[in-house]
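The primary structure of each chain is shown beneath.
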Amino acid sequence: MATSSAAARTRSARGRRGARASGDDREAAILATAEKLLETVAFADISIDDLASGAGISRPTFYFYFASKDDVLLALLDRLVQRSETAIAGLTPSADAVREGWRDALGVYLDTFAAQRGVALACADARFRNDRVRQVWDRATALWVDNTAAGIESERARGAAPAGRPARELAIALNAMNERVIYGVLAGTEPALSREQALDVLVDIWLAAIYLSPPQL
């Protein structure tokens, strides 16, 4: 019986030692560390050693998962874009609540980026020095423009919005404005708007652009 008990204890100990972090866990830990650091530290000031130690791994192990810290930022940007698209897909706008529908859509994007403020600001800045970040950012922007243009066309098709300038042209301008305003909200640059002010102003401008015919001068 003593031998049997000892064997049981040995198997139990082996089981506890076997609960090691998987590759997915380590990768997630690196991303979580980067996201946390970006809330208070500029991306340029974060080192590989910071990311590795925060994730509880060695520097050589870090390179098993990411070739560079820029790759970590790219992964965070991919996740940010996916979260925003998942959130917007969950909206069910009503044709009877036009303002609320557009406001909800704009609010989803703002809140998704605000929830990962450090990541959003780091990516917004990095796209000017990193072609890969810029390409991912541009693909995301193109998707948001397509979604906006489709929404404008849908409103025109049901007779709620008048025909006017091509929907894609409006969509490009409106999304570019959103990007700058939201950046100001997140970065706290001056002059800047609060979240609620930003949403109210943006919705007013979007509604005027989409539902009011431009004056004929």
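Refer to the structure presented above.
As a starting point, this report considers the structure included with it. (Residues numbered from 1 in each chain as written. Predicted model: local features only at pLDDT ≥ 70, side-chain atom pairs only at ≥ 80, totals over all residues. Heavy atoms only, no water.)

Focus on the pattern of salt bridges
Inference 1: Evaluated as defined, the whole model comprises 15 salt bridges.
Inference 2: Two residues, Glu 196 and Arg 103, come together in a salt bridge whose shortest N-O distance is 2.9 Å. Placement of the pair is Glu 196 in helix H10 (residues 195–211) and Arg 103 in helix H6 (residues 98–115), with a sequence separation of 93 residues.
Inference 3: Residue Glu 196 is classed as partly exposed on the basis of its relative accessible area, which comes to 40%.
Inference 4: On the accessibility criterion, Arg 103 (22% relative accessible area) is partly exposed.
Inference 5: As a salt-bridge pair, Arg 134 and Asp 131 come within 3.7 Å of each other at their nearest N and O atoms. Taken together, the residues span about one helical turn, with Arg 134 and Asp 131 both in helix H8 (residues 131–157) at a distance of three residues. (Salt bridge = Lys/Arg side-chain N within 4 Å of Asp/Glu carboxyl O. Helix = DSSP H or I, 4+ residues; strand = E, 2+ residues; numbered from the N terminus. Buried < 20%, exposed > 50% of the residue type's maximum accessible area, 1.4 Å probe, protein only.)

Let's talk about the packing of aromatic side chains
Inference 1: Tallied over the entire structure, the rule returns six aromatic pairs.
Inference 2: Between Phe 64 and Tyr 65 the ring centres are 5.1 Å apart and the planes differ by 80 degrees, which places this aromatic pair in the edge-to-face class.
Inference 3: By relative accessible area, Phe 64 is classed as exposed at 68%.
Inference 4: Put simply, the rings of Phe 62, Tyr 63 and Phe 66 pair up and form one aromatic cluster.
Inference 5: Above the ring of Phe 43, the side-chain terminus of Lys 69 is found at 4.7 Å from the ring centroid. (Phe/Tyr/Trp six-rings, centres within 6.5 Å; stacked < 30°, edge-to-face > 60°. Lys NZ or Arg CZ within 6 Å of the ring centre and 35° of its normal.)

Section: a nonpolar patch on the surface
Inference 1: A surface patch of nonpolar side chains, about 200 Å² in accessible area, is lined by Leu 193, Val 201 and Ile 205.
Inference 2: With respect to the helices and strands, the residue Ile 205 is situated in helix H10.
Inference 3: Looking at Ile 205, the relative accessible area reads 36%, which means it is partly exposed. (Patch = residues over 30% accessible without salt bridge, like charges linked within 9 Å, V, L, I, M, F, W, Y side chains within 5 Å. Areas by Shrake-Rupley, 256 points an atom, 1.4 Å probe, with all protein chains shown as cover.)

Points about the side chain of Glu 155
Inference 1: Inspection of the secondary structure puts Glu 155 in helix H8.
Inference 2: The exposure class assigned to Glu 155 is buried, which follows from its relative accessible area of 10%.
Inference 3: With near-sequence residues (within four places) excluded, Glu 155 lies in contact with Val 98, Trp 102, Ala 160, Ala 161 and Tyr 211. (Contact = heavy atoms within 4.5 Å.)

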